[in-house]
Amino acid sequence: TPERGRIEFSGVTFGFPGAETPVVKDASFVVEPGKTTAIIGSTGAGKTVLLNLMLRLYDPQQGTITIDGAPVSQLTREQLADAIGLVPQRPYLFAGTIASNLRFGRSGATEEELWEALRVAQGEDFVKAKELGLDEPVSQGGTSVSGGQRQRLSIARLLVARPKVYLFDDSFSALDVATDARLRAALPEATQGATTIIVAQRVSTITEADQILVIEAGEIVGRGTHDELLASSDVYQEIVRS
Ligand code: DGT
Ligand code: MG
């Protein structure tokens, strides 16, 4: 249902302990439920920190972050995990099998659900090619699978978990443009129209987003659709040209 998964940042400022300048400065924005919000900006701009704040890996020094009206600071770990899930920029795998790694977010998932998630995450072919398929062993850190495969397994894992809000931290940059497009085309159905936040490097990944936030040195310096930002944001124009 479209009323689930609304995130609001109000005047959020965060700096790492001991650092002089904050890495997120007075950020205020709304992520509308059921919509896709993209975050773009240069390396070190604060994109990952923004996502980590939603997951409460750290708490802001100022301001509030709410999910469906509830401050994240008041949610239990379980409530937060239920509401929001992340494909981290550097995905990790646990010692076990491909299946146990995919079921990490929801142990009750059926094999059919695992294959469906793999299909959407563009990971079906390489898992099928493994001798044991879903039961193929995976070592800690996932050294037996390539970086790109690890990323696809991590995306599939989040699809299996079915949170209200999906966070993708640079999850598509390593894919070729065609695979990236196929994956994103399959996402809305797979997430059942859940709120989606995509941190991206490539503009083609985010042109269709409902809202794009342009972040520079911890500040939101532009917001709007691709066309709106092309007309209004120098920083965005620069990113498009680069
Ligand atoms: P990326 O992934 O290279 O495109 O860059 P972003 O936009 O994800 O950057 P982010 O959010 O990882 O880092 C923002 C700033 O915060 C940057 O100056 C590095 C700093 N920073 C990130 N993580 C830590 C940390 O754990 N400790 C400290 N002291 N600083 C950190
Ligand atoms: Mg990052």
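Attention in this report is confined to the structure presented alongside it. Along each chain, the written sequence defines residue order, and numbers are assigned to residues from 1. Naming scheme: in the order in which they are written, chains are lettered from A and ligands are numbered from 1. The predicted origin of the model limits local features to residues at a pLDDT of at least 70 and limits the giving and counting of side-chain atom pairs to 80 or more, whereas totals for whole chains, interfaces and linings rest on all residues. Remark: hydrogens and water are excluded; side-chain values derive from all non-hydrogen atoms of the structure.

Here's the deal with the sheet that holds strand β10 (residues 195-200)
The pairing criterion for strands is at least two bridges between them, as found by DSSP. Labels follow the DSSP assignment, with helices taken as runs of H or I lasting at least four residues and strands as runs of E lasting at least two, numbered in each case from the N terminus. Taken together, the six strands give an open sheet; going across it, the order is β6-β9-β10-β3-β11-β12, and neighbouring strands pair in mixed fashion. Sheet topology places β6 (84-87) and β12 (219-224) at the edges, where each strand pairs with a single neighbour. With direction set aside, neighbouring strand axes in the sheet form an average angle of 20°. Helix α1 (residues 47-54) contacts β3 (36-40), β6, β9 (165-169), β10 and β11 (211-216) of the sheet and is inclined by roughly 150° relative to β9. Across the sheet, helix α9 (residues 234-241) touches β3, β11 and β12, and the angle it forms with β11 is around 95°. Convention adopted: a line fitted to C-alpha atoms gives each axis, helices being fitted over their contacting stretch, and angles between N-to-C directions are expressed from 0 to 180 degrees. Every residue pair with non-hydrogen atoms within 4.5 Å of one another is taken to be in contact.

A word on the site of ligand 1
Residue proximity to a molecule or strand is established when one non-hydrogen atom of the residue lies within 4 Å of it. Around ligand 1, the structure places F16, V23, S42, T43, G44, A45, G46, K47, T48, V49 and Q89. Here an oxygen atom of ligand 1 sits 3.0 Å away from a polar atom, N or O, in the main chain of G46. All accessible areas in this document rest on Shrake-Rupley with a 1.4 Å probe, and a residue is counted as covered only by the protein chains that are shown. Isolated, ligand 1 exposes 640 Å² of accessible area, and the fraction of that covered by the protein chains is 59%. Partitioning the shell around ligand 1 into residue classes produces four nonpolar, six polar and one charged. Counted as a polar contact is a pair of N or O atoms within 3.5 Å, where, for protein atoms, one must be capable of donating a hydrogen and the other of accepting one, and residues adjacent in sequence contribute only when both atoms are in side chains. Polar here means any residue outside two lists: the nonpolar Ala, Val, Leu, Ile, Met, Phe, Trp, Tyr, Cys and Pro, and the charged Asp, Glu, Lys and Arg; Gly therefore counts as polar.

Some remarks on the sheet that holds strand β5 (residues 70-71)
On the basis of which strands lie adjacent, the open sheet formed by four strands has the order β2-β1-β4-β5 and antiparallel pairing. Pairing within the sheet leaves two strands with one partner each, and these edge strands are β2 (24-31) and β5. For strand β1 (residues 7-14) and β2, the ladder comprises five bridges, and the chain directions are antiparallel. If you follow I7 over to β2, its bridge partner there is V31. Its contacts with the sheet place α1 against β1, β2 and β4 (62-67), and it is angled at close to 115° to β1.

Description of the coordination of the magnesium ion (ligand 2)
Distances from the magnesium ion (ligand 2) to its protein donors, T48 (OG1) and Q89 (OE1), fall at 2.0 to 2.3 Å. Taken as a pair, T48 in helix α1 and Q89 in the loop between β6 and β7 (96-97) lie far apart in primary sequence, 41 residues in all. Each metal site is built from N, O and S donor atoms within 2.8 Å (3.2 Å for Na, K and Ca), and since water is not included, such sites may look incomplete.

Section: the nonpolar core
It is characteristic of soluble globular proteins that their nonpolar side chains tend to be buried jointly. Throughout, nonpolar core names a set of buried Ala, Val, Leu, Ile, Met, Phe, Trp, Tyr and Cys residues whose side chains join them through atoms within 4.5 Å. Burial here depends on accessible area, computed with a 1.4 Å probe over protein chains only, as a share of the maximum for the residue type. Under 20% is buried, over 50% is exposed, and the range in between is partly exposed. Within the largest apolar cluster, 42 residues are counted, with the highest numbers of intra-cluster contacts made by F168 and I212. In this structure I212 touches A38, I40, I206, G222, R223, G224, T225, H226, L229 and Y236, once residues within four positions along its chain are discounted.

Some words on the side chain of D180
Note that D180 resides in helix α7 (residues 177-190). Classification of D180 as buried rests on a relative accessible area of 0%. Looking at D180, its side chain comes within polar contact range of the side chain of T205, at 2.8 Å. Residues contacting D180, with those up to four places away along its chain left out, are F172, L175, R202 and T205.

Topic: empty space enclosed by the protein
Empty space among the atoms can be located by rolling a probe the size of a water molecule over them. Both cavities and pockets are sets of points on a 1 Å grid over the protein atoms alone; in a cavity a 1.4 Å probe fits but cannot get out, in a pocket the set is open with protein on both sides within 12 Å along at least five of seven lines, and lining residues sit with an atom within 4 Å of a point. Grid points are joined across faces, edges and corners, and a volume is the space filled by probe spheres set on the points. Tallied over the entire structure, the rule returns one cavity of 30 Å³ or more. Here the largest cavity is characterised by a volume of approximately 30 Å³. Forming the walls of the largest cavity are D170, F172, S173, I198, V199, A200, Q201, R202 and T205. Here the residues of the lining of the largest cavity sort into four nonpolar, three polar and two charged.

Quick notes on the environment of V240
Looking at the secondary structure, you find V240 in helix α9. The class of V240 is partly exposed, set by a relative accessible area of 33%. Separated by ten residues in sequence, V240 and L230 have C-alpha atoms that sit 8.4 Å apart. When sequence neighbours within four positions are dropped, the list of residues in contact with V240 reads V203, H226 and L230.

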